[in-house]
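As a plain string of letters, each chain reads:
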Amino acid sequence: MNPFYLLELAGITVFAISGALAALERREHHHDFFSVFFTGFITAIGGGTLRDITLGNYPVSWVRDQNVLWAIFVGFMLTIGIPRLLLKLRKEVFLFDTVGIGIYTILGTKISLAQNVNPFAAIILGMVSAIFGGVIRDTLMNQVPFIFRKEIYATACLLGAFVYISLRAWGISEGMNAFVSVSLVVLVRIAAVKFKLSLPKIYLPKV
Amino acid sequence: MNPFYLLELAGITVFAISGALAALERREHHHDFFSVFFTGFITAIGGGTLRDITLGNYPVSWVRDQNVLWAIFVGFMLTIGIPRLLLKLRKEVFLFDTVGIGIYTILGTKISLAQNVNPFAAIILGMVSAIFGGVIRDTLMNQVPFIFRKEIYATACLLGAFVYISLRAWGISEGMNAFVSVSLVVLVRIAAVKFKLSLPKIYLPKV
Amino acid sequence: MNPFYLLELAGITVFAISGALAALERREHHHDFFSVFFTGFITAIGGGTLRDITLGNYPVSWVRDQNVLWAIFVGFMLTIGIPRLLLKLRKEVFLFDTVGIGIYTILGTKISLAQNVNPFAAIILGMVSAIFGGVIRDTLMNQVPFIFRKEIYATACLLGAFVYISLRAWGISEGMNAFVSVSLVVLVRIAAVKFKLSLPKIYLPKV
């Protein structure tokens, strides 16, 4: 087992936790075991699945590799077992979630490039890998997705994917490149939350 | 024509009817012919289509076999022709719908296994086949999907798919296995509605 | 470069503009650069992408051909650069949008037929190509999709696709057929808006 694979599984567990916690926090619905599991599941696999079916990259990871499903199950068990602790550790969970987003972005970009995709499409699909699980989750929960509401989020992914592809073109080694690009996504996201950075708003002119 | 195929087409018609009736019952919108047809269509084919594109299992059934579309059309014509009768027969329509869900679950599980899917993914995809048409319909109607609101529903599908795969591993004949597993889904669902059973709710601890 | 390809790119730009303007017009959200870009992107590529993944028709156009992404980018730049002018030209934008819908419908129908799809599925997929970008956009914006609210819209696409397939069966030349079918979609849509035509509403009988 290579360390990157273990890291990926850890990322899936964290995504499943953040999805399941998001379901629990919507107090207006009374979530049962299935809802919490399924929300975690969708959040964890939604982005990568959408990327793969857009690329025609079969078989999709969780369909091929049941470890992905076990990683989600671990996240689910943790969420219903120690929700109080997870909420206290919110800051640490946020950090893990952000690292997960960084890894998914670069992994998604890399997978897309391997399918002979044009580089701009690879950047978009890298971002989609990282955030669309959350977008589908929010849409099913009947909410405007967080990417339309929050501080800089998807943009951090687009930026990280852009840098990854650029450094790759410059011949930087894969390991160093992944480290730099993932770190960039994480740092931009942390800075955005810490300093409440968001992109300029656009207002319609009154006509 | 084998009887299973006819049964499947009948299931599609019933799904289309329940989708089209659901559109009509949302009185806050004024549904026209297209909306009612399209809602029935999405409900009938959504789950199976999502399963097939997740598996890369092409061509998707309604794209290959126009009988599926005719089955939906029959459901649409019945809905706009005799809505009063269908509403009076609500109990019977519910029963048919439940049988349809059972059949779709086991059929979806079987199709997934045939694509060399891991068994846990096959269980999830069996459930997706049966209920995601309704999930997409509810989402388009701007409602929280029924699977997050109702009594035991998706869980009955997961249970039926689990039993189907288990009995298969025990070498039970296909016909007997399908009969037992479909019946299980139907009975669990009927019991859930009759006795208002739902899974335990999970509440967030106040922190 | 053939003229049809340029026409298609122009259609994508117009779709991106109408999507981005739709985001801007929802004043209840404060849209930033990313939201406006992404809404235009989804509107422009959503329908064609859904058609291609339903058909298993890989690679999807914007993944293969980066000109599609540039066409969207041009639409985005125009929207944030001259929104006032675009809103003044609303009537002309509507006209372009309608021509775009006509072209997408016939193009989508043609692509579907080339994949050995049954003709009824080709009609539905032609309509999906033209309108599902907008449906996904509205759903993400947490609104009931316009196809369930507006005057005759999707029905114009179904009609155009039906006529296209019929004329094709009669051996009419491709160019003439495309011209007639696209014009039909455009004229029906314009007439529907001008005379506020909608399909008959269906009301549930009180039981």
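Residues numbered from 1 in each chain as written. Chains lettered and ligands numbered in written order. Predicted model: local features only at pLDDT ≥ 70, side-chain atom pairs only at ≥ 80, totals over all residues. Heavy atoms only, no water.

Participant: How should the interface of chain A and chain B be read in this particular structure?
Facilitator: Many authors give the size of an interface as the accessible area that is lost as the parts come together. Contacts between the two partners involve 35 residues from chain A, matched on the other side by 34 residues from chain B. Both sides of the chain A and chain B interface together cover about 3,200 Å² of buried area, and 73% of this is carbon and sulfur. Three residues, Phe34(A), Val63(A) and Leu140(A), lead the burial of chain A against chain B; their summed loss comes to 20% of the area buried on that side. Our count for the chain A to chain B interface comes out at zero salt bridges. There are five residue pairs in polar contact (both at pLDDT 80 or more) connecting chain A and chain B. For the side of chain A that touches chain B, the secondary-structure elements that each account for two or more residues are α1 (3–25), α2 (33–55), α3 (61–64), α4 (66–81), α5 (83–88) and α7 (119–140) of chain A. Looking at which element gives the most residues to the side of chain A that touches chain B, the answer is α2(A), with 10 residues. Split into classes, the residues belonging to the side of chain A that touches chain B amount to 19 nonpolar, nine polar and seven charged. (Contact = heavy atoms within 4.5 Å. Buried area = accessible area lost by both parts, 1.4 Å probe. Salt bridge = Lys/Arg side-chain N within 4 Å of Asp/Glu carboxyl O. Polar contact = N/O pair within 3.5 Å; in protein donor to acceptor, adjacent residues only side chain to side chain. Helix = DSSP H or I, 4+ residues; strand = E, 2+ residues; numbered from the N terminus. Nonpolar A, V, L, I, M, F, W, Y, C, P; charged D, E, K, R; others polar.)

Participant: Hey, could you run me through the interface of chain B and chain C in this one?
Facilitator: At the interface, 35 residues of chain B touch 34 residues of chain C. Roughly 3,200 Å² is buried in total at the junction of chain B and chain C, and carbon and sulfur atoms are behind 72% of that figure. At the junction of chain B with chain C, the criterion picks out zero salt bridges. Breaking the side of chain B that touches chain C down by element, the ones donating at least two residues are α1 (3–25), α2 (33–55), α3 (61–64), α4 (66–81), α5 (83–88) and α7 (119–140) of chain B. With 10 residues, α2(B) is the single largest residue contributor to the side of chain B that touches chain C. Here the side of chain B that touches chain C is composed, by residue class, of 19 nonpolar, nine polar and seven charged.

Participant: Help me understand the pattern of salt bridges in this model?
Facilitator: Here the idea is simple: oppositely charged side chains can pair when their charged atoms come close. Residues and elements named next belong to chain B. Across all of its chains, the model carries nine salt bridges over all chains by this definition. Between Arg-51 and Asp-52 there is a salt bridge, with its nearest N and O atoms 3.1 Å apart. The two residues Arg-51 and Asp-52 agree in class, both being buried. The shortest N-O distance in the salt bridge between Glu-174 and Lys-110 comes to 3.4 Å. Highlighted residues: Glu-174 in helix α9 (residues 174–194) and Lys-110 in helix α6 (residues 90–114), separated in sequence by 64 residues. Given a relative accessible area of 31%, Glu-174 falls into the partly exposed group. Taking the relative accessible area as the measure of exposure, Lys-110 reaches 37% and is therefore partly exposed. (Buried < 20%, exposed > 50% of the residue type's maximum accessible area, 1.4 Å probe, protein only.)

Participant: How should I be thinking about helix α8 (residues 154–169) of chain A in this particular structure?
Facilitator: Compared with the 22 Å implied by 1.5 Å per residue over 16 residues, the 23 Å span of α8(A) between its first and last C-alpha is a close match. When we look at burial in α8(A), the residues that qualify are Ala154(A), Ala156(A), Cys157(A), Leu158(A), Gly160(A), Ala161(A), Val163(A), Tyr164(A) and Ile165(A). Close packing links the buried residues of α8(A) with α6 (90–113), α7 and α9 (174–194) of chain A together with α2 (33–55) of chain C. Among the residues trailing α8(A), Gly171(A) stands out with phi positive, at a value near 80°. (Expected span 1.5 Å × (residues − 1).)

Participant: Explain the relation of the copies chain B and chain C here, please?
Facilitator: Mapping between the two chain copies consists of a rotation about an axis together with a translation along that axis. With an RMSD of 0.0 Å, chain B superimposes on chain C once it is rotated by 120° and translated 0.0 Å along the axis. Those values place the two copies in the arrangement expected of a three-fold rotation axis. The overlap is low: 11% of the interface residues of chain B also sit at the interface in chain C, so different surfaces are used on the two sides. (Least-squares fit on C-alpha atoms with pLDDT ≥ 70 in both.)

Participant: Looking at this model, I keep getting lost on the relation of the copies chain A and chain B. Mind explaining?
Facilitator: After a rotation of 120° and a shift along the axis of 0.0 Å, chain A superposes on chain B with an RMSD of 0.0 Å. A distinct binding surface is used by each copy, with only 11% of the interface residues of chain A retained as interface residues in chain B.

Participant: Whenever I open this one, the packing of aromatic side chains confuses me. Can you help?
Facilitator: Two aromatic rings, taken as a pair, are described by how far apart their centres are and by the angle between their planes. Residue and element names in this part refer to chain B. Scanning all chains against the criterion turns up 39 aromatic pairs over all chains. With centroids separated by 5.5 Å and ring planes inclined at 85°, the aromatic side chains of Phe-37 and Phe-76 adopt a geometry described as edge-to-face. Of this pair, Phe-37 sits in helix α2 while Phe-76 sits in helix α4; the two residues are 39 residues apart in sequence, bridging distant segments of the chain. (Phe/Tyr/Trp six-rings, centres within 6.5 Å; stacked < 30°, edge-to-face > 60°.)

Participant: I would appreciate a short explanation of the nonpolar core in the present structure.
Facilitator: A general trend in soluble globular proteins is that nonpolar side chains are found buried together. Counting 185 residues, the largest nonpolar core has Trp62(A), Trp62(B) and Trp62(C) as the members making the most contacts within it. Setting aside its immediate chain neighbours within four residues, Trp62(B) contacts Phe41(B), Ile45(B), Thr49(B), Val68(B), Leu69(B), Thr54(C), Asn118(C), Ala121(C), Ile124(C) and Leu125(C). (Core = buried A, V, L, I, M, F, W, Y, C linked by side-chain atoms within 4.5 Å.)

Participant: Would you explain the side chain of Thr79(A) in this entry?
Facilitator: All names here are of chain A. Position of Thr-79 among the secondary structure elements: in helix α4. Residue Thr-79 is classed as buried on the basis of its relative accessible area of 0%. A polar atom in the side chain of Thr-79 sits 2.7 Å from the backbone oxygen of Gly-75. The contacts of Thr-79, once residues within four sequence positions are left out, are Ile-17, Ala-20, Leu-21, Leu-24 and Leu-86.

Participant: What am I meant to see in the packing of helix α6 (residues 90–113) of chain C against helix α9 (residues 174–194) of chain C here?
Facilitator: Residues and elements named next belong to chain C. One can describe the packing of α6 onto α9 by two numbers: an axis separation of 9 Å at closest approach and a directional angle of 135°. In terms of their interaxial angle, α6 and α9 are classed as oblique. The hand of the α6/α9 crossing is right-handed. Side by side, α6 and α9 meet where Phe-94, Leu-95, Thr-98, Val-99, Ile-101, Gly-102, Ile-103, Ile-106 and Lys-110 of the first sit next to Glu-174, Ala-178, Ser-181, Val-182, Val-185, Val-186, Arg-189, Ile-190 and Val-193 of the second. Split into classes, the residues belonging to the contact of α6 with α9 amount to 12 nonpolar, three polar and three charged. (Axes fitted to C-alpha atoms, helices over the stretch in contact; angles between N-to-C directions. Parallel < 35°, antiparallel > 145°, perpendicular 65-115°, else oblique. Left-handed = near helix turned anticlockwise from the far one by under 90°.)

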